[in-house]
Amino acid sequence: MAVLPADWPGGFWVHWGVFVVIIFVFVLAMVMGFIWFERRALGIMQARLGPNRAGPFGLLQPVADVIKLLTKEDIVPAKGDKWVHWLAPVVAVAPMLMIFAVVPFQGGASMADLNIGILYIVAVSSISVLGVFMAGWASNNKYSLLGAMRMVASVVSYEIPVVLSIIGVVLLAGSLSMQQIVMAQDIPFILLQPLGFLLFFIGACAEINRAPFDLLEADSEIVAGFNTEYSGMKWGLLFLAEYGEALAISAIVTTLFLSGWRGPVLPPWLWFLIKVGAVFFVIVWIRATVPRVRIDQLMALAWKFLFPLALLNLLITAVEILVFPAVSLWVLVPINIAIMIVLVILWSRLFKLGWGRVEV
Amino acid sequence: MKFERFGIGIAKGLSVTLRHLLRIPVTTQYPEQRLTTSRRIRGNELIWDKEKCTGCATCAKSCPQGTIQIVTSVSAEENKYKVEKFEVDTGYCIFCGLCVEACPYEALFMGYAYERAKYRRSELVLAKEGLLASAERKPSGYFRPKIEASLPPQTLLLDGDRGKR
Amino acid sequence: MVIKTEPFVVNFGPAHPSTHGVFRMRMTLDGEVIVDMEPVFGYLHRGIEKLAEERTYTGCIPLTDRLDYTASMTNNFAYVLAVERLAGITVPERAEYIRVIMAELQRIASHLIAVGTFLNDCGAFMTPVLYMLREREKILDLFDMVSGQRLTYNYMRVGGVSQDIPEEFIPALKKFVKEMPGWIDEYDRLLKENEILLARTKGVGILPKELAINISASGPVLRASGVKRDIRRADPYSIYDRFEFDIPTGTAGDCYDRYRVRIEEMRQSVRILKQAMEQLPKGKVRSDVPHLTHPPVGEAYGHIEAPRGELGFYLVSDNSIAPYRFHVRAPTLINLTALRDMMVGWKVADAIIIFGSIDICVAEVDR
């Protein structure tokens, strides 16, 4: 179990303690930064300013939000299941924090360099869906339960294209360990696996319920979805879980496709932060522009569009690696981009998104 | 319902939103920045010119709500009406300006200021002395061309962005 | 073993998040599919028709402002047209041109809100709303310059308009007319070809042509179903026969067509504005009408093409200073009688989009 680099002073538990602190600070600080960044960026893209009164440039706005949430009254529905209601935010947040244990912040600096890193991430990130479902169940509210069930259905459906596109990356890198994947990216995998990147990005946005797939917490439904009956810090925890998952997805995309912490001039952890910020900016940018899909269109997109493309992507990557092992990787870049364009156009023509009017 | 344009429509929309990052937002930072209102603004109050008013009550007759109350008595030595009571309930008024249009002697004006909120509803009922013009109660140019010519021009959003980052 | 299911009744209550006013829809749902729908309204009834019987003809004009508050100028226009037909009053030329300019500007402003909130209901998170409200802000500045208010203008009078336009109005309007087509192109680039929008609105909520004619729908709802009828061409009022403009129509009668018809109408309004500005003559803006109008005994119906449809005022006079009967033909009330047929068979998420696309204003429905 080679989890501890040789030059760490103090032994295993000191290393563990330091990294726990680093991960907590990183996640909380970055989530608050992301909240601020999203509100400002959304504002300027909509021709207005975001928050700019709480502190210079509104930087203390997330702090103000946290203080407000802490001082709110905690409401538990009378007929709901009290223990499940209390446990649900915990179950939603804890796995999200566990993801960061294997994300490499710098060369060799991650809490545990598991040699099954990416498999661990996929396994752990599926647990937080359970928290959301518990939240919907414990609210004793028909519409929350409906929203939570939809969320479970959508997350389970989108796991498959996500995992299949990860396998493409793993084939190219030759290992499941996150550190090895970063080291194998002399060319960033976004160029070598453009179709995989696209599928992973769309699938990940659907898993974390961000626009354009945020039909479960948007106000075009009858009520606000599974977090209707939550107030105060419990709602804050669910909110933290959502932004934390966005952060986790950005970090995973950076590691898998954008060559992690590698970069020419700046220190590696700065490159990591810059890339994570760039991926999050793209997520916010899409939220500002694109309308929402309907639930049956969401499922159709997963099963009929992304899943076959993911299988084809895997097939083509495997063929390229097995049949042309000696070809330089730079040759494969334009070939893969061309294949992606052809496949996307071809599939769009053949694809029918959802069904229409039902005869009553 | 097919995917008609293979993602090009979404890409075009994204380019529009991105371009807005480079534009200055149109938000005005009130109360540090205040824009000049229209010269004909029908602001929050009514202003009465005691000298010109003759007590004919044309304004009261033309008010759709019946907001203006005028009580006059005959003053025999000056041979004109003496206005005993001229009261306007600005809480009930809809600021339509019909009274200002109706006055034949140009003795009534709409207000120019718009930040004239009060703390109590009883303070909204303005009687004779409360209706006179003063430094805070400036008359607006609605239906009064001479006053309109003396007021500053309006800031228009068409003239450029009026916000600051 | 057969699982027995039964439809359940859900209430899109008077206060709902994607709201266009206080409007209640009682839906019977079978899973997600809408089986039956019943609109319940009347939450905003203020008795305007009765209040008008106690006010003079000029004093009713502020009341008409408050009917469809996003399009006050056209409300005023329809009413004063009805009074002028009742009393036989002619309007000076300059006043006619000013009225047309105001009506077309108002049409653009009202359609901006309609399209913006419709796209917001589809899910684009407030971005189209804010862009379109920025353009509406420019129009409201122009109206503020002319009448002193931003929402309830009280600008048109029996026999003309209230005051002449100030001299900075025409240069500002020229600037607006020059840059508005560019902004409409930007809205198109933002969302016209967006695949998700197409998937959500094309083919959804179809209003067939025969049904639209049978329920006497009007406005963009009727024109999107393929019927080319516009009051400005069918029964020209004021001086609309002097302008050239097209009437955009749709083919399918779905939500997407209603959205496109409104955008194209904005472009045509800009065209009319350009022509009206060039032809604007000098002269009086108000003919000499006594302050208390005494129309002769009779009745008149004055109707115009308001942004939401055919807005009509039916007035009955008994030679006194107040109307004897004042009835409003509200276009949105008549358009929404088709709502049930448009919504049945679709899902709950589509119900909001269909409701947003017929663009009601509850103040007009309830009066």
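A. Main features of the overall build of chain C. Of the regular secondary structure elements, chain C holds 15 helices and 8 strands. Taking 2.2 N^0.38 as the reference for a compact globule, 367 residues should give roughly 21 Å; the C-alpha atoms of chain C span a radius of gyration of 21 Å, in line with that estimate. A buried classification covers 52% of the 367 residues belonging to chain C. Taking the contacts inside chain C whose residues are at least 6 apart along the sequence as the reference set, 71% of them involve residues at least 24 apart.

B. View of the overall build of chain A. Helices and strands together make up the secondary structure of chain A, namely 13 helices and 0 strands. Listed N to C, the secondary structure of chain A is α-α-α-α-α-α-α-α-α-α-α-α-α in terms of helices and strands. In summary, chain A has a C-alpha radius of gyration of 21 Å against a globular reference of 21 Å for 360 residues, a match within 12%. When burial is assessed residue by residue, chain A has 45% of its 360 residues classed as buried. When contacts within chain A are restricted to residue pairs at least 6 apart in sequence, those whose partners lie at least 24 apart make up 78%.

C. How the structure looks around the interface of chain C and chain B. Contact residues are listed per partner, giving 33 residues for chain C and 32 residues for chain B. When residues of the side of chain C that touches chain B are traced back to their parent elements, those giving at least two are helix 5 (127-147), helix 6 (169-191) and helix 7 (195-201) of chain C. The dominant element in the side of chain C that touches chain B, judged by the number of residues it contributes, is helix 5 of chain C, at 8 residues. Along the lines of polarity and charge, the residues of the side of chain C that touches chain B split into 8 nonpolar, 12 polar and 13 charged.

D. The sheet that holds strand 3 (residues 80-89) of chain B, seen in detail. The 3 strands lie next to each other as 2-3-5 (chain B), forming an open sheet whose pairing is antiparallel. Each edge of the sheet is formed by a strand with only one pairing partner; in this case those strands are strand 2 (68-75) and strand 5 (125-126) of chain B.

E. Summary view of the nonpolar core. Judged by nonpolar contacts, the single largest core of 201 residues is most densely connected at Leu247 and Val253 of chain A together with Ala78, Ala351 and Ile354 of chain C. With 16 residues, the single largest contributor to this core is helix 4 (residues 93-122) of chain C. If we skip the residues at most four places from it in the chain, Ala78 of chain C touches Gly302, His303, Ile304, Ala306, Leu311, Gly312 and Phe313 of chain C. Ranked by size, the runner-up nonpolar core spans 22 residues in total, among them Leu46, Phe86, Met110 and Tyr142 of chain B.

F. Looking closely at helix 13 (residues 329-350) of chain A. Residues and elements named next belong to chain A. With 22 residues, helix 13 should reach 32 Å at 1.5 Å per residue; the first-to-last C-alpha distance of 31 Å fits that figure. Turning to helix 13, its buried residues number three or more, namely Leu332, Asn336 and Met340. Down the axis of helix 13, the smallest arc covering the buried residues is 80°, so these residues share one side. Along helix 13, the residues that are exposed and aim more than 90 degrees away from the buried face are Val331, Pro334, Ala338, Val342, Ile345 and Arg349. Each element contacted by the buried residues of helix 13 is listed here: helix 8 (189-192), helix 9 (194-207) and helix 12 (295-323).

G. Seen up close, the pairing of strand 2 (residues 24-30) of chain C. All names here are of chain C. Judged from the 5 bridges that link them, strand 1 (residues 8-12) and strand 2 form a sheet pairing that is antiparallel. Looking at strand 2, one finds that Phe12 is bridged to Met25. Two elements, strand 2 and strand 3 (residues 33-40), share 7 bridges in a ladder whose sense is antiparallel. Across the sheet, residue Asp30 finds its bridge partner in strand 3, namely Val33. Where strand 2 folds back onto strand 3 in an antiparallel hairpin, the turn is made up of 2 residues, including Gly31, whose phi is positive at roughly 75°.

H. Structural detail: helix 5 of chain C. Over its 21 residues, helix 5 of chain C extends 30 Å from the first C-alpha to the last, a length consistent with the 30 Å expected when each residue adds 1.5 Å. Gly148 of chain C sits one or two positions beyond helix 5 of chain C and adopts a positive phi of about 95°.

I. Fine view of the environment of Ala212 of chain C. Residue and element names in this part refer to chain C. Among the secondary structure elements, Ala212 is positioned in helix 8 (residues 209-214). Counting along the chain gives 14 residues from Ala212 to Gly226, while the straight-line C-alpha distance between them is 9.4 Å. Beyond its immediate chain neighbours, meaning those up to four positions away, Ala212 contacts Leu207, Ala217, Val221, Leu222, Ser225, Val227 and Gly253.

J. View of the environment of Ala95 of chain C. Residues and elements named next belong to chain C. With respect to the element layout, Ala95 can be found in helix 4. Once the C-alpha coordinates of Ala95 and Thr337 are considered, the two residues, 242 residues apart in sequence, prove to be 36 Å apart. When near neighbours in sequence (up to four residues on either side) are disregarded, Ala95 contacts Gly160, Val161, Val285 and Arg286.

K. Summary view of the sheet that holds strand 8 (residues 325-329) of chain C. Residue and element names in this part refer to chain C. With antiparallel pairing, the 3 strands of this open sheet are ordered in space as 6-7-8. Among the strands making up the open sheet, the edge pair consists of strand 6 (298-306) and strand 8. The average undirected angle you get between the axes of adjacent strands in this sheet is 15°. Direction of pairing for strand 7 (residues 309-317) relative to strand 8: antiparallel, over a ladder of 5 bridges. The partner of Leu315 across the bridge, within strand 8, is Phe326. Set on the sheet, helix 3 (residues 72-87) makes contact with strand 6 and strand 7; between it and strand 6 the angle comes to about 150°.

Rules behind the numbers
Residues numbered from 1 in each chain as written. Chains lettered and ligands numbered in written order. Predicted model: local features only at pLDDT ≥ 70, side-chain atom pairs only at ≥ 80, totals over all residues. Helix = DSSP H or I, 4+ residues; strand = E, 2+ residues; numbered from the N terminus. Rg over C-alpha atoms; globule rule 2.2 N^0.38 Å. Buried ≥ 20, exposed ≤ 12 C-beta atoms within 10 Å, placed from the backbone. Contact = placed C-beta atoms within 7 Å. Nonpolar A, V, L, I, M, F, W, Y, C, P; charged D, E, K, R; others polar. Pairing = 2+ DSSP bridges. Core = buried A, V, L, I, M, F, W, Y, C linked by C-beta atoms within 7 Å. Expected span 1.5 Å × (residues − 1). Arc of directions from axis to C-beta. Axes fitted to C-alpha atoms, helices over the stretch in contact; angles between N-to-C directions.

Limitation: the analysis is restricted to geometry and does not speak to function.
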